[in-house]
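Survey of secondary and tertiary structure
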Number of protein chains: 2
Amino acid sequence: MTVKLGRAVQLDDLDRNILRALQADAGQSLDEIARQVGSSKTPVWNRIRKMRDAGVMGPSTVVVDPETIGLDACFFVLIRTSEHEAEWQQLFLAALRARPEVQEAHRLAGEIDYILKVRVANARAYDVFYQALISEVRVFNVTALLSMEEIKSSTALPL
Amino acid sequence: MTVKLGRAVQLDDLDRNILRALQADAGQSLDEIARQVGSSKTPVWNRIRKMRDAGVMGPSTVVVDPETIGLDACFFVLIRTSEHEAEWQQLFLAALRARPEVQEAHRLAGEIDYILKVRVANARAYDVFYQALISEVRVFNVTALLSMEEIKSSTALPL
DNA sequence: CCTGAAACAGAACAAAA
DNA sequence: TTTTGTTCTGTTTCAGG
C-alpha cells in the first residue's frame, strides 16, 4: 500500500509548463515537450522524474470514450443516510470501491452525505446497480440525476 | 475540428484486455502489454492503432494529484435555470467551457438542469468563480455541495 | 543545474509465413 | 492474422561546462 505523503510540493514555472504539456498529451517525446517549454531534453526528463517520485503525477492513462464501448448512461447519485457510525461507513466505502461502475465518490458537507458518479450501459443497468447497493448498505434517501449531455469532461487540472 | 462519429465500435476480448492494460498504465511497452494479454507485439500494436483511429481512445494523459498543486477544494454545483432558450444555452455552455476550474459539466433530466464539478484552491476561490459565473449568465437557483473527502476517483471505465 | 553526445530500448512498419 | 526482422525514433545515462 502506498502512503500519501507530499503536501503541496513547490513547483516552478518550468515544472508547471511540463505538467501542462503532459496533461494535454502524455505520449509526446521529450524533444517535443522540451521545445514547447523552451528547454531541452535532460532538464525536462529530470523534472518529470522528480515529479513522478514526489507523487505529483500518477501513471499515464488513456481516456476511453464511454459511448464507443456501450456505456451510454451516466448518473449522479445523491445519497442521504441516517447512519454515521464508523462501522457503517467502512462497509459503504468498501462497497463503492468494489464497484467499477462507480467512477467517483465523495463524502460531502451539509444535507447530502455522499455524491457518486456512476456510468452504466442504460437505465436498466443503473437499477441493477441501485438495487444491489441498497441491499448491501442502509441508506435513508437516494436521488439519481440522469445526464442528458456531457457538456464538458476534462481530466486536466488548471495550472 | 474533429467530428465524433463512431457509435459503439465492436471490440473483442483481446481489444478489451488491451484497453484495460492501457487504462491502468499507458506508459507500458508493447511487450509488457502483449505479455499481460497473452499475445505478441504486432497484433497488440495493430489493435491499438485501430482503436485510436476509431476514436475509442483519446490521447494519453497524466493524472495530476490536485492537492500537491494546491487545489484543495472540490465542489459539485447543482444549477436550476428558468431560461431554456437556445441563445441562453449557448452562452452558458461557452462560459463553462472557457473556465478551467470546471472539470465536468452535464445537462440533466429532471428538476435540476445542470451539474458541475469545480476544482479550486479554497472556498474563497469558489466564491470568485461563482460570482463571475452568475454575472455572466442568469440562473434561477444554485446549490454548492462541498466535498470533504474524495472516496474514489477513477478515470478507468469498466470493460 | 544545463548542454551535448553516446548507448540503448522500444516503436513503427514491411514482408512473409 | 500472427511471426519475424529491419529501421528509425525516442529514452536514458553520463561526461563535462
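Residues numbered from 1 in each chain as written. Chains lettered and ligands numbered in written order. Predicted model: local features only at pLDDT ≥ 70, side-chain atom pairs only at ≥ 80, totals over all residues. Heavy atoms only, no water.

Taking an unreviewed UniProt entry as the reference, chain A is identified by name as Transcriptional regulator, AsnC family belonging to Jannaschia faecimaris.

1. Overview of the pattern of salt bridges
Across all of its chains, the model carries 20 salt bridges over all chains by this definition. For the salt bridge of Lys-50 of chain A with Asp-15 of chain A, the shortest nitrogen-to-oxygen distance reads 3.7 Å. Here the residue Lys-50 of chain A occupies a position in helix H3 (residues 41–54), and Asp-15 of chain A occupies one in helix H1 (residues 13–24), the gap between them amounting to 35 residues. Given the relative accessible area of 2%, Asp-15 of chain A is considered buried. Here Asp-12 of chain B and Arg-47 of chain B are joined by a salt bridge, their closest N and O atoms 3.0 Å apart. (Salt bridge = Lys/Arg side-chain N within 4 Å of Asp/Glu carboxyl O. Helix = DSSP H or I, 4+ residues; strand = E, 2+ residues; numbered from the N terminus. Buried < 20%, exposed > 50% of the residue type's maximum accessible area, 1.4 Å probe, protein only.)

2. A closer look at helix H1 (residues 13–24) of chain B
With twelve residues, H1 of chain B extends 17 Å from end C-alpha to end C-alpha; this agrees with the ideal 16 Å at 1.5 Å per step. For H1 of chain B, the full list of buried residues reads Leu-14, Asp-15, Ile-18, Leu-19, Ala-21, Leu-22 and Gln-23 of chain B. For H1 of chain B, the elements touching its buried residues are strand E1 (57–64) of chain A together with helix H2 (30–37), helix H3 (41–54) and strand E1 (57–64) of chain B. (Expected span 1.5 Å × (residues − 1). Contact = heavy atoms within 4.5 Å.)

3. Digging into the protein's contact with DNA strand D
Residues in contact with DNA strand D, as listed here, are Gln-28, Ser-29, Leu-30, Lys-41, Thr-42 and Trp-45 of chain A together with Ser-40, Thr-42 and Pro-43 of chain B. Counted by atom, the contact set of DNA strand D within 4 Å of the protein is 50% sugar and phosphate. Here a phosphate oxygen of DNA strand D sits 2.6 Å away from a polar atom, N or O, in the side chain of Trp-45 of chain A. Here a base oxygen of DNA strand D and a side-chain polar atom of Thr-42 of chain B are 3.0 Å apart. Those elements that provide at least two residues to the surface near DNA strand D are H3 of chain A together with H3 of chain B. The element contributing the most residues to the surface near DNA strand D is H3 of chain A, with three residues. (Near = heavy atom within 4 Å. Polar contact = N/O pair within 3.5 Å; in protein donor to acceptor, adjacent residues only side chain to side chain.)

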